[in-house]
Amino acid sequence: MEILKTKNGTTLNLSLEGRLDTTTAPQLENELKQSITDVTELVLDFEKLEYISSAGLRVLLSAQKVMNKQGTMVIKNVCSDIQEVFEITGFMDILTIE
């Protein structure tokens, strides 16, 4: 998985490409831990993300918990397969998806 990071003031944009699974979830988790401290808006672009596993969902959930305290988190450009995972797992009610 590749992560393209752009920061503009207190807004952090992360574009994910590939698969967010057991192997790559720690990569995203480390990136978030390093970058999220002074962020008030976190935008995750899933346009090129093709798969998410339960490990990826766990990272999103912990990022959402942090952002609930310090700002907002939005997930954009979700493909239909990942949208279905969010619906089945109930993450549609937890996450802001555009």
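Residues numbered from 1 in each chain as written. Predicted model: local features only at pLDDT ≥ 70, side-chain atom pairs only at ≥ 80, totals over all residues. Heavy atoms only, no water.

Chemist: Sorry, what's going on with the sheet that holds strand β1 (residues 2–8) here?
Modeler: Within a beta sheet, neighbouring strands are joined by backbone hydrogen bonds and run either parallel or antiparallel to one another. Read from one edge to the other, the open sheet built from five strands follows the order β1-β2-β3-β4-β5, with strand pairing classed as mixed. Edge positions in the sheet fall to β1 and β5 (96–97), since each of these pairs with one other strand and no more. In terms of strand pairing, β1 meets strand β2 (residues 11–20) through seven bridges, oriented antiparallel. Paired with E2 across the bridge in β2 is E17. Packed on one face of the sheet, helix α1 (residues 25–35) meets β1, β2 and β3 (41–52) and runs near 170° to β2. Helix α3 (residues 80–89) rests against β3, β4 (72–76) and β5 of the sheet, and its axis sits at about 110° to β3. (Pairing = 2+ DSSP bridges. Helix = DSSP H or I, 4+ residues; strand = E, 2+ residues; numbered from the N terminus. Contact = heavy atoms within 4.5 Å. Axes fitted to C-alpha atoms, helices over the stretch in contact; angles between N-to-C directions.)

Chemist: What is the right way to look at the packing of α1 against helix α2 (residues 54–70) in this model?
Modeler: Contact geometry of α1 with α2 gives a least axis separation of 9 Å together with a crossing angle of 15°. One finds that α1 runs roughly parallel with respect to α2. As α1 runs across α2, the sense of the crossing is right-handed. For the pair formed by α1 and α2, the contact residues are A25, L28, E29 and L32 on the first element and A55, G56, R58, V59 and A63 on the second. (Parallel < 35°, antiparallel > 145°, perpendicular 65-115°, else oblique. Left-handed = near helix turned anticlockwise from the far one by under 90°.)

Chemist: Would you mind going over the nonpolar core with me for this structure?
Modeler: Nonpolar side chains tend to gather and get buried jointly when the protein is soluble and globular. Core analysis: the biggest nonpolar cluster contains 27 residues, and L42, F46, I75 and F86 have the highest contact counts within it. Secondary-structure elements contributing two or more residues to this core are β2, α1, β3, α2, β4 and α3. With residues near it in sequence (within four places) discarded, F46 still touches L16, L60, I75, K76, N77, V78, I82 and F86. (Core = buried A, V, L, I, M, F, W, Y, C linked by side-chain atoms within 4.5 Å. Buried < 20%, exposed > 50% of the residue type's maximum accessible area, 1.4 Å probe, protein only.)

Chemist: What exactly am I supposed to notice about the pattern of salt bridges here?
Modeler: Side-chain pairing between opposite charges can occur once the charged atoms of the two side chains come close. Applying the stated criterion to the full structure yields five salt bridges. The residue K7 makes a salt bridge to D38 at a minimum N-O spacing of 2.7 Å. Of this pair, K7 sits in strand β1 while D38 sits in the loop between α1 and β3, placing them 31 residues apart in sequence. Residue D38 is classed as partly exposed on the basis of its relative accessible area of 47%. Taking the shortest distance from any N to any O, the salt bridge between E98 and K76 comes out at 3.9 Å. In this pair, E98 is assigned in the segment after β5 and K76 in strand β4, connecting sequence segments 22 residues apart. Residue classification places K76 among the partly exposed residues on the basis of a relative accessible area of 32%. (Salt bridge = Lys/Arg side-chain N within 4 Å of Asp/Glu carboxyl O.)

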